[in-house]
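# Inside the fold
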Amino acid sequence: MSTRAATVDSTRTKIVEAAVRVHARQGIATSSWEDIAREAGVALATVYRHFPSPDSLLPECARAVFQGARLPTLRQASEEFAGIDSPTERLEKLVRESCRCYEQAEEWLNVAFREAHLVPALAAEISILRSSLDTLVRAALGESASESGATQGVSAIVDFPFWKSLIDRGVQPSDACRTVTRLAASHLQTEDVDPSQG
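One structure accompanies this document, and this report is about it. (Residues numbered from 1 in each chain as written. Predicted model: local features only at pLDDT ≥ 70, side-chain atom pairs only at ≥ 80, totals over all residues. Heavy atoms only, no water.)

### Points about the overall build of the protein chain
The helix and strand tally for the protein chain stands at 12 helices and zero strands. Its helices and strands in sequence order give the protein chain the pattern α-α-α-α-α-α-α-α-α-α-α-α, from N to C terminus. The proportion of buried residues among the 198 residues of the protein chain is 45%. Partitioning the contacts of the protein chain with sequence separation of at least 6, the portion at a separation of at least 24 is 68%. Surface summary for the protein chain: the accessible area is close to 10,400 Å², and the carbon and sulfur share equals 50%. (Helix = DSSP H or I, 4+ residues; strand = E, 2+ residues; numbered from the N terminus. Buried < 20%, exposed > 50% of the residue type's maximum accessible area, 1.4 Å probe, protein only. Contact = heavy atoms within 4.5 Å. Areas by Shrake-Rupley, 256 points an atom, 1.4 Å probe, with all protein chains shown as cover.)

### A look at helix α10 (residues 150–158)
Most of α10 is tucked away: seven of the nine residues are buried. Looking only at α10, the buried set comprises A150, T151, G153, V154, S155, I157 and V158.

### Here's the deal with the nonpolar core
Ranked by internal contacts, the top residues of the largest apolar core, which has 57 residues, are I28, L57, L91, W108, L109 and V154. At nine residues, the largest contribution of residues to this core is made by helix α8 (residues 120–141). Not counting residues within four places of it along the chain, the set of residues in contact with L91 comprises L141, V154, T181, A184, A185 and L188. (Core = buried A, V, L, I, M, F, W, Y, C linked by side-chain atoms within 4.5 Å.)

### Some remarks on the environment of A176
Position of A176 relative to the elements: it lies in helix α12 (residues 173–190). Under the relative-accessibility criterion, A176 is labelled buried at 0%. It is 6.6 Å that separates the C-alpha atoms of A176 and W163, two residues lying 13 residues apart in sequence. Other than its neighbours up to four places away in sequence, A176 contacts W163, L166, I167 and V171.

### Some thoughts on the packing of α8 against α10
Where α8 meets α10, the closest approach of the two axes is 9 Å, and the angle between their N-to-C directions is 115°. The crossing of α8 and α10 is right-handed. Only T151, V154, S155 and V158 of α10 make contact with α8, whose side of the interface consists of L133, D134, V137, R138 and L141. Considered class by class, the residues forming the contact of α8 with α10 number five nonpolar, two polar and two charged. (Axes fitted to C-alpha atoms, helices over the stretch in contact; angles between N-to-C directions. Left-handed = near helix turned anticlockwise from the far one by under 90°. Nonpolar A, V, L, I, M, F, W, Y, C, P; charged D, E, K, R; others polar.)

Next up, the structure:
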């Protein structure tokens, strides 16, 4: 990589990281390019050159947040779940990893979910996140859960807004994780799913 390309990449990264901080602090819809430029320590024109619109910046912010939280890909999750025979342990691992990601990215995710209806590019990123969560739930629960329709219920229980509602009510993150696990397991039982068949 040339020095110029490295500098361009470094500047883009600096802008994205600044945008994530500004968004978490004051909201996405009310953050201006001036705010982001000031936070990044770059000229306003530099921000516009790299990101001419929210549609170009928000997907990069989402990627940075999820990479920072180390959200596993489907392939990574499937490989990890494949080594776990117990359906209960697979469910616990899914919830534990989701809660860890939520805790690390809480501020930005909170703003993103709250303002998704205001910013189309943000709504698209939330949709991608939820689709990824559905895929991870299917990988963790196996085929029998997917066929029963239990995936949607578990996905709703494991989704960020439910976790955040527990945190907002004063539940400690570790207790929130246990609560989500218990509720997801209970949902599977009420759906008469036998995850061991997956």
